[in-house]
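Coordinate inspection notes
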Amino acid sequence: MDGLPALRGDYAAAAPDGTVPQHHALVPPEDHATWRALFRRQSPLWERHAARAYRDGIARLDCEDGVPDFAATSERLRAATGWSLVGVPGLIPEGLFFDHLAARRFPVTVWIRRPEEMDYLEEPDIFHDFAGHVPLLTEPAFADFLQAYGELGAHAQRIGALKPLARLYWHMVEFGLIEEQGGLRAYGAGILSSSAETVYSVTSDTPLRLRFDPRRVLRSDYRIDDLQPTYFAIRDYAELFATVRDLPALLDWARDAEPIPPGATDPADQPI
Ligand code: HBI
Ligand code: FE
C-alpha cells in the first residue's frame, strides 16, 4: 500500500480515507520538468490576472522549481491557516472529499499530466490541485469558508441537496472572480490552472460576469467541457464564509428551485 507511488487512477492503492502517499523523492525528472513548463507558462498570466491572495499565496509556497513536496507545504500551510495536504489518486468519492475539507485537509492528486496534455485535461492532476487550489488556502477567510463548506457535505447529502452544494463549489472555488482595486481578477482553481481560461475569464467580451449572489449560484447549472459561459465575482472572501452560515436554509430552498441553464440570464442578474 505504501511501496511505490500511486499510478494515475490507481484507486486500489488508496487507504479507506481515499488517500495515497506522495513519495516525493520518487517523482521522476520528467514530471518535475512538466511542472516547471506549466508553471513558467502560467506565471506571467497570474501576474496580470490572478487575485492578490492567490499571488501572495503561490509566492509563499515557493513551488516554481518542480513538483512540490506535500509534507513541506503542509508545514507552511499549518503555520498560515491550519490546513494540510493529503495525496489522492484522482477524484475521490464526495463523502470522503467533504470529510477531508471539514478536517482542514486538502486532497491533492499525486500524478501530473503527460506533455501532450499541457492545454487540457478532463480530470484534476497535481498542477490543477496544487497550483490551482492550494495558494488560496493561505487566505484566512477562504480557508475558513472551505472547512465550513466541507462540514455541510453530510447535511446536504441527507436532505438531497448535493447538486446545489456542488454548484457553489464549481462557481466559487473552481471558477470564482473577485473585484479588486484596479479591476476584476480570478481566484478560482479551474481558471488559474488553465492558460486559456486565465485570460478569457477576465478579458473576453463573450462570457457573462455577474455579481455574486448565493441564490443565483445555487441554481446555476454548469458545463464541465468548455470555457465557462458565466462567471460570478465576489468582493471579498468573507462573502463566501458568510454564505455558508446561511447555507442550511439556502440549500433547503435551492433543492426545489428552478435550475438556470449554463449561460442563461435571469431578470435579477447584476452584470459587472
Ligand atoms: N475529489 N480529488 C478530488 N477533488 C475534487 O475536487 C473533488 C473530489 N471528489 C468530489 C468532488 N470534488 C465534488 O463532489 C465537489 O463538487 C464538491
Ligand atoms: Fe479543482
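Residues numbered from 1 in each chain as written. Chains lettered and ligands numbered in written order. Predicted model: local features only at pLDDT ≥ 70, side-chain atom pairs only at ≥ 80, totals over all residues. Heavy atoms only, no water.

1. Considerations on the coordination of the iron ion (ligand 2)
- Around the iron ion (ligand 2), the donor atoms from the protein are H128 (NE2), H133 (NE2), E174 (OE) and E174 (OE), and they sit 2.0 to 2.7 Å away.
- Each of the 4 donor atoms bound to the iron ion (ligand 2) contributes to angles spanning 52 to 135°, and the resulting shape is irregular. (Donors = N, O, S within 2.8 Å, 3.2 Å for Na, K, Ca; no water. Tetrahedral: all angles 85-135°; square planar, octahedral: opposite > 155°, others 65-115°.)

2. Section: the site of ligand 1
- Every residue lining ligand 1 is accounted for by V88, G90, L91, I92, E94, F97, F98, Y149, A166 and Y169.
- At 3.1 Å from a nitrogen atom of ligand 1 is found a main-chain nitrogen or oxygen belonging to G90.
- For ligand 1, an oxygen atom lies 3.2 Å from a polar atom in the side chain of E94.
- Counting only elements with at least two residues in the shell around ligand 1, the list comes to helix 4 (94-102) and helix 8 (162-174).
- Counting residues per element, the shell around ligand 1 draws most heavily on helix 4, which supplies 3 residues.
- Looking at side-chain class alone, the shell around ligand 1 contains 8 nonpolar, 1 polar and 1 charged residues. (Near = heavy atom within 4 Å. Polar contact = N/O pair within 3.5 Å; in protein donor to acceptor, adjacent residues only side chain to side chain. Helix = DSSP H or I, 4+ residues; strand = E, 2+ residues; numbered from the N terminus. Nonpolar A, V, L, I, M, F, W, Y, C, P; charged D, E, K, R; others polar.)

3. Looking at the pairing of strand 4 (residues 183-186)
- Here 4 bridges tie strand 3 (residues 177-180) to strand 4, and the two strands are oriented antiparallel to one another. Within strand 4, the residue paired with L177 across the bridge is A186.
- Between the end of strand 3 and the start of strand 4, which pair antiparallel, lie 2 residues, with G182 showing a positive phi angle near 95°. (Pairing = 2+ DSSP bridges.)

4. Topic: the packing of aromatic side chains
- This structure, assessed with the given rule, holds 19 aromatic pairs.
- Measuring from ring centre to ring centre gives 6.4 Å for F97 and F106, while their planes differ by 75°; the resulting arrangement is edge-to-face.
- A ring pair is formed by W170 and Y222, whose centres lie 4.4 Å apart and whose planes are at 10°; its orientation type is stacked. Taken together, the positions of W170 in helix 8 and Y222 in the loop between helix 11 (214-219) and strand 6 (230-234) put the pair 52 residues apart, joining distant regions of the chain.
- Note on Y222: relative accessible area 27%, which makes it partly exposed.
- Here the aromatic residues F97, F98, F106, F142, F145, Y149, Y169, Y187 and Y237 are joined through ring pairs into a cluster of three or more.
- A cation over an aromatic ring shows up here: R215 above the ring of W253, its NZ or CZ 4.8 Å from the ring centre. (Phe/Tyr/Trp six-rings, centres within 6.5 Å; stacked < 30°, edge-to-face > 60°. Buried < 20%, exposed > 50% of the residue type's maximum accessible area, 1.4 Å probe, protein only. Lys NZ or Arg CZ within 6 Å of the ring centre and 35° of its normal.)

5. Quick word on the environment of R245
- Summarising the element assignment, R245 is placed in helix 12 (residues 238-245).
- Once the C-alpha coordinates of R245 and L85 are considered, the two residues, 160 residues apart in sequence, prove to be 25 Å apart.

6. Overview of helix 10 (residues 195-203)
- Within helix 10, burial applies to S195, E197, T198, Y200, S201 and V202.
- Contacts from the buried residues of helix 10 go to helix 1 (29-49), strand 3, strand 4, helix 9 (189-192), strand 5 (208-211) and strand 6. (Contact = heavy atoms within 4.5 Å.)

7. Re the pattern of salt bridges
- Applying the stated criterion across every chain, the model contains 16 salt bridges.
- Between D125 and R113 there is a salt bridge whose closest N-O contact spans 2.8 Å. You can see D125 sitting in the loop between strand 2 (105-109) and helix 5 (126-133) and its partner R113 sitting in the loop between strand 2 and helix 5, a full 12 residues away along the chain.
- On the accessibility criterion, D125 (0% relative accessible area) is buried.
- Under the relative-accessibility criterion, R113 is labelled buried at 5%.
- Among the charged side chains, a salt-bridge network with shared partners connects R8, R114, E116, E117 and E123. (Salt bridge = Lys/Arg side-chain N within 4 Å of Asp/Glu carboxyl O.)

Everything listed here is a matter of coordinates, which is why it stays silent on function.
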